[in-house]
Amino acid sequence: MTKKDDFNINCPIPITDYPEIVLAHGGGGSLTQSLIEKLFLPTFDNSILNQQHDGGVFEINGVRLAMSTDSYVVRPSFFPGGDIGMLAVNGTLNDLAMCGAKPLYMSAGLILEEGFSMNDLWKIITSMKQAASKNNIQLITGDTKVVDKGSGDGIYINTTGIGMIKDGIDISPAKVCDGDVIIVSGDIGRHGMAIMSVRKGLDFETTIKSDTAALTDVVETLINENIEIHCLRDPTRGGLATTLIEIAETSNLEMKLEEALIPVSDQVSGACEVLGFDPLYVANEGRFIVIVPEKEAELTLEVLRSNSLCQQACIIGTVSRGQVGTVISKTQIGGQRILDRLSGDQLPRIC
């Protein structure tokens, strides 16, 4: 073998299919999954990354920690119910919470486009400060870059957070079991539809506001009640359907949903109908899925409904051995459909 043959890099994704990145690669659907499974995971292969959790869970000197990072490119930067700054902080807080971690510290990286309004920047930074202070997480480092006018889209934000996990807490999609119940913390689809209503200039009787919120307090309450939590996950990009598909595939189990039980507001349902979207695939930023043994369902619902963010919490399905890695949904009219990943995202640039 020659030295030339010793180092031969071949892209594992057929470039004849996608010689360039398309928007769908960032939408949370099948093309995103292809990037992760065929490009990123094999390249950076390690036991922590391969957990495919909302954050990396690891241990240092007997202390269990979780670390998560995310980038926010939502357009527009301001939307009903929030802005990109609030979204960036809440998003990282929630990813840590889904690992069962108490958030401690975070970083922020800002990419600003030349010409971006200083007043808007101040509003966004203030929003980030308020969200961080409210949830007792300290921003301890950061970075700012400015790109030429026309080379960005106003502002992009990256946030990374680190939190501590209590002893005895082990929350992961791999822990899901046959007989578990699936609970959603509230109505779905509001964040994605809030963004799209602004983009499309849609007027409804009442404004659709994003559900963006930090979930740390309610998750901490669930943990303090010693509920046997098997899995937590916030259904952001790709919505509820994609999130459950990911969990089903990781746990090698089947998820059965009852669509009639899934809470969707009239405004969101109407907007989805007008725009041709399926609310099960619309992004959320203040909702989460809890999967627990059936014996824990009543207490879980009681704890959730005691929190103002989760008063519509309800059981929407069950876990069984069935068809491995499959999510089957019973429709409103009594039929069944198998939920699959979209090729991309119904709504690009919503987080």
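All values reported here derive from a predicted model rather than from experimental measurement.

Definitions and cut-offs
Counting restarts for each chain, with residues numbered from 1 along the sequence as it is written. In keeping with the model being predicted, local features are shown solely for residues with a pLDDT of at least 70 and side-chain atom pairs are shown and tallied solely at 80 or more, while totals for entire chains, interfaces and linings include all residues. The basis for every side-chain value is the complete set of heavy atoms in the structure, and neither hydrogens nor water enter the calculation. Two strands pair under a simple rule: DSSP has to find at least two bridges between them. By the criteria applied, helices consist of DSSP H or I runs no shorter than four residues and strands consist of E runs no shorter than two, each listed in order from the N terminus. Throughout, an axis means a line fitted to C-alpha atoms (over the contacting stretch in the case of helices), and angles, computed between N-to-C directions, take values from 0 to 180 degrees. By the convention used here, residues are in contact when the closest approach between their heavy atoms is within 4.5 Å. Scored between 0 and 100, pLDDT is the confidence that the predictor attaches to each residue. A pair of sulfur atoms, both from cysteines and within 2.5 Å, is called a disulfide here. Partly exposed describes any residue whose relative accessible area lies between the buried limit of under 20% and the exposed limit of over 50%, with all areas from a 1.4 Å probe on protein chains only and scaled to the type maximum. By nonpolar core we mean a set of buried residues, namely Ala, Val, Leu, Ile, Met, Phe, Trp, Tyr and Cys, connected to one another through side-chain atoms within 4.5 Å. The term polar contact refers here to a pair of N or O atoms within 3.5 Å; inside protein, the definition further demands a hydrogen-donor-capable atom paired with an acceptor-capable atom, and it admits residues adjacent in sequence only when both atoms are side-chain atoms. By convention in these notes, a salt bridge is any Lys or Arg side-chain nitrogen within 4 Å of a carboxyl oxygen on Asp or Glu.

K.L.:
Explain the sheet that holds strand 8 (residues 181–184) to me, using residue names and the numbers behind them.
P.N.:
Read across the open sheet, the 7 strands follow the order 9-11-8-12-10-13-14; overall the sheet is mixed. Of all the strands in the sheet, just strand 9 (231–233) and strand 14 (336–339) have a single pairing partner and so form its edges. Averaged over all pairs of adjacent strands, the angle between strand axes in this sheet comes to 25 degrees, irrespective of strand direction. In this sheet, strand 12 (residues 314–320) lies alongside strand 10 (residues 254–258) in antiparallel orientation, the contact comprising 4 bridges. Bridge pairing links leucine 257 to glycine 317 in strand 12. In this fold helix 9 (residues 297–305) packs onto strand 8, strand 11 (289–292) and strand 12, with an angle of close to 5 degrees to the strand it touches most, strand 8.

K.L.:
Describe the confidence of the model for the protein chain, with residues and values.
P.N.:
Summing up the model confidence of the protein chain, the mean pLDDT is 92 and the portion of residues at 70 or higher is 95%. Taken as a whole, residues 1–8 scores under 50 in pLDDT and shows 1 contact with residues more than four places along the chain or in a different chain.

K.L.:
Account for the state of the cysteines, naming residues and giving values.
P.N.:
Counted under the stated rule, the structure contains 0 disulfides. For the unlinked cysteine cysteine 310, the closest cysteine sulfur is that of cysteine 314, found at 11 Å. Free cysteine: cysteine 351, not disulfide-bonded; nearest cysteine sulfur from cysteine 272 at 16 Å. Among the residues examined, cysteine 351 registers a relative accessible area of 12% and is labelled buried.

K.L.:
Let's hear about the nonpolar core: which residues, and what values?
P.N.:
Core analysis: the biggest nonpolar cluster contains 35 residues, and Ile155, Ile157 and Met193 have the highest contact counts within it. Those elements that provide at least two residues to this core are helix 3 (84–98), strand 5 (101–113), helix 4 (118–134), strand 7 (155–165), helix 5 (190–200) and helix 8 (266–275). The contact partners of methionine 193, leaving out residues within four places of it in the chain, are Ile208, Val268, Ala271, Cys272, Leu275, Phe277, Val282 and Leu347.

K.L.:
Got a sec to walk through the pairing of strand 14? Specific residues and values, please.
P.N.:
Relative to strand 14, strand 13 (residues 326–330) runs antiparallel, the two being bridged by 4 bridges. Bridge assignment links valine 327 to a residue of strand 14, and that residue is leucine 339. Taking the residues between adjacent antiparallel strands as the criterion, strand 13 and strand 14 are bridged by 5 residues, where glycine 334 takes a positive phi near 100 degrees.

K.L.:
Report on the side chain of aspartate 54, specifying residues and quantitative values.
P.N.:
Mapped onto the secondary structure, aspartate 54 falls in the loop between helix 2 (30–43) and strand 1 (56–60). Only 3.4 Å separates the side chain of aspartate 54 from the side chain of arginine 233, close enough to count as a polar contact. Not counting chain neighbours up to four residues away, the residues in contact with aspartate 54 comprise Ser68, Asp95, Met98, Cys99, Leu232, Arg233 and Asp234.

K.L.:
How would you sum up the pattern of salt bridges? Please name residues and give values.
P.N.:
Scanning all chains against the criterion turns up 14 salt bridges. The closest approach of N and O atoms between lysine 175 and aspartate 170, which form a salt bridge, is 3.0 Å. As a salt-bridge pair, lysine 256 and glutamate 254 come within 3.6 Å of each other at their nearest N and O atoms. By sharing partners, the salt bridges in this structure join Asp54, Arg233 and Glu246 into a single network.

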